[in-house]
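# Chain and residue survey
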Amino acid sequence: MGEPSDKRPVIDEDECTGCGLCVDECPNDVLELNDDDVAFVARPDDCDGCGTCSEECPSEAISME
Ligand code: SF4
Ligand code: SF4
């Protein structure tokens, strides 16, 4: 698991396959899948910038910016 940081996940909707791994792996339950099965930041205030979602995404759809 990554260290907290000031960065936040930005999800490339075109690259997301809707696998749900980031939703499962986020330690703070920040991410969800929308009705189109694309991940989005549902609870931004709970994100600590750890980067785990970005590291775990098999499609490299999440960048930390
Ligand atoms: S892990 Fe990547 S491909 Fe899978 S739902 Fe999350 S952003 Fe989409
Ligand atoms: S950076 Fe960490 S806390 Fe924020 S959404 Fe990704 S896994 Fe969750």
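Criteria and cut-off values
Residues numbered from 1 in each chain as written. Chains lettered and ligands numbered in written order. Predicted model: local features only at pLDDT ≥ 70, side-chain atom pairs only at ≥ 80, totals over all residues. Heavy atoms only, no water. Near = heavy atom within 4 Å. Nonpolar A, V, L, I, M, F, W, Y, C, P; charged D, E, K, R; others polar. Salt bridge = Lys/Arg side-chain N within 4 Å of Asp/Glu carboxyl O. Helix = DSSP H or I, 4+ residues; strand = E, 2+ residues; numbered from the N terminus. Buried < 20%, exposed > 50% of the residue type's maximum accessible area, 1.4 Å probe, protein only. Core = buried A, V, L, I, M, F, W, Y, C linked by side-chain atoms within 4.5 Å. Contact = heavy atoms within 4.5 Å.

On to the site of ligand 1. Near ligand 1, the surroundings consist of 13 residues, among which Cys16, Cys19, Gly20, Cys22 and Cys57 are the closest. Residue composition of the shell around ligand 1, by class: nine nonpolar, four polar and no charged.

Right, let's get into the site of ligand 2. If you check the shell around ligand 2, you find 14 residues, and the closest are Cys26, Cys47, Cys50, Gly51 and Cys53. Looking at the shell around ligand 2, its residues break down into nine nonpolar, four polar and one charged.

With that settled, consider the pattern of salt bridges. For the coordinates displayed, the defined rule picks out two salt bridges. Of the charged contacts in the structure, one is a salt bridge between Asp29 and Arg43, with a shortest N-O distance of 3.8 Å. Of this pair, Asp29 sits in the loop between helix H1 (21-25) and strand E2 (31-33) while Arg43 is found in the loop between strand E3 (39-41) and helix H2 (52-56), placing the two residues 14 residues apart along the sequence. Among the residues examined, Asp29 registers a relative accessible area of 46% and is labelled partly exposed. Given the relative accessible area of 28%, Arg43 is considered partly exposed. Bridged by salt links that share partners, the residues Asp29, Glu32 and Arg43 form one connected network.

Quick look at the nonpolar core now. The biggest cluster of nonpolar side chains holds 13 residues, and the ones touching the most others in it are Ile11, Cys16, Cys22, Leu31 and Ile62. Setting aside residues no more than four positions away along its own chain, Leu31 makes contact with Ile11, Cys22, Val23, Cys26, Phe40, Val41, Ala42, Arg43 and Cys53.

The next subject is unusual backbone geometry. Phi at Asp29 takes a positive value of approximately 55°, unusual for a residue other than glycine. Positive phi, close to 50°, is recorded for Glu60, a residue that is not glycine. Relative to the elements of secondary structure, Glu60 occurs in the loop between H2 and strand E4 (62-64).

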